[in-house]
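Close look at the chain arrangement
Spelled out, the chains give:
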Amino acid sequence: MTFVIPFTVRSYELDSLGHLNNAVYFSWLEEATFAWLGECGLPFSEFALRGWYPIVVHAQIDFRAEANSGDRILVTGWADRYGTTSMHLGYRLTREADDRLIAEGKRVWVFVDKQAGKIPVPPEI
């Protein structure tokens, strides 16, 4: 299952060259993932109530083109694969106006419980 969450580049997210700052990409991946899970009935607020704490253990982005102020960027994501305690997520960021690939990324979550440590990926995920 894939999800698509749109973002618009805001002026305060730009670096000194006028491009989307590289740190913002990671924030967008996080925000898009939790927006998707919320749409699926698992809002972020529910995670702590259930004792699930997804910890990012790996994050990678390959930048392909710049994003500029006002660009509408579509973050497409998917669950790439599951391990026993981990979830691998894949991402593609494209500019909506011309469908240009802006970046590709990956993130790996490991699920933990505060007392028990690593836990299996919850079946709801």
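Everything discussed here concerns the structure shown above.
Attention in this report is confined to the structure presented alongside it. (Residues numbered from 1 in each chain as written. Predicted model: local features only at pLDDT ≥ 70, side-chain atom pairs only at ≥ 80, totals over all residues. Heavy atoms only, no water.)

**Overview of the overall build of the chain**
- Assigned secondary structure in the chain consists of 2 helices and 6 strands.
- Listed by position from the N terminus, the elements making up the chain come as β-α-α-β-β-β-β-β.
- Across the chain, contacts joining residues at least 24 apart in sequence account for 64% of those joining residues at least 6 apart.
- Each charge class in the chain can be summarised by its mean position, and for the 12 positive and 16 negative side chains these summaries are 5 Å apart. (Helix = DSSP H or I, 4+ residues; strand = E, 2+ residues; numbered from the N terminus. Contact = heavy atoms within 4.5 Å. Lys, Arg positive; Asp, Glu negative; His and termini not counted. Charge placed at Lys NZ, Arg CZ, Asp CG, Glu CD.)

**Quick notes on the pairing of strand 5 (residues 100–113)**
- Relative to strand 5, strand 2 (residues 53–63) runs antiparallel, the two being bridged by 10 bridges. Along strand 5, the bridge assignment pairs Val56 with Trp109.
- Both strand 4 (residues 86–95) and strand 5 contribute to a ladder of 10 bridges, which runs antiparallel. Counterpart to Arg92 in the pairing with strand 5 is Glu104.
- Where strand 4 folds back on strand 5, the antiparallel hairpin that results is connected by 4 residues, among which Asp99 adopts a positive phi of roughly 60°.
- Joining the antiparallel neighbours strand 5 and strand 6 (residues 117–118) is a turn of 3 residues. (Pairing = 2+ DSSP bridges.)

**Some points on helix 1 (residues 22–39)**
- Taking 1.5 Å per residue as the helical rise, helix 1 with its 18 residues ought to reach 26 Å, and the 27 Å between its terminal C-alpha atoms agrees with that figure.
- Packing partners of the buried residues in helix 1 comprise strand 1 (2–8), helix 2 (44–50), strand 2, strand 3 (72–82), strand 4 and strand 5.
- Between the side-chain oxygen at the start of helix 1 and the backbone nitrogen of Ala23 there is a gap of 2.8 Å, and the oxygen is on Asn21.
- Downstream of helix 1 by a residue or two, Gly41 has a phi angle that is positive, lying close to 95°. (Expected span 1.5 Å × (residues − 1). Polar contact = N/O pair within 3.5 Å; in protein donor to acceptor, adjacent residues only side chain to side chain.)

**Let's talk about the nonpolar core**
- Among the nonpolar cores identified, the biggest contains 32 residues, and Trp28, Leu93, Phe111 and Ile125 are the most heavily contacted of them.
- Every element with two or more residues in this core is listed here: strand 1, helix 1, strand 3, strand 4 and strand 5.
- If you tally residues by element for this core, the top one is helix 1, at 8 residues. (Core = buried A, V, L, I, M, F, W, Y, C linked by side-chain atoms within 4.5 Å. Buried < 20%, exposed > 50% of the residue type's maximum accessible area, 1.4 Å probe, protein only.)

**Some words on the layout of surface pockets**
- Put simply, the largest pocket is a space of about 180 Å³.
- Along the wall of the largest pocket there are 15 residues; nearest its centre are Asp80, Leu89, Gly90, Gly105 and Lys106.
- Split by residue class, the lining of the largest pocket holds 4 nonpolar, 5 polar and 6 charged. (1 Å grid on protein atoms, 1.4 Å probe; cavity = no way out; pocket = protein on both sides within 12 Å on 5 of 7 lines; lining within 4 Å. Points joined across faces, edges and corners; volume = space filled by probe spheres on them. Nonpolar A, V, L, I, M, F, W, Y, C, P; charged D, E, K, R; others polar.)

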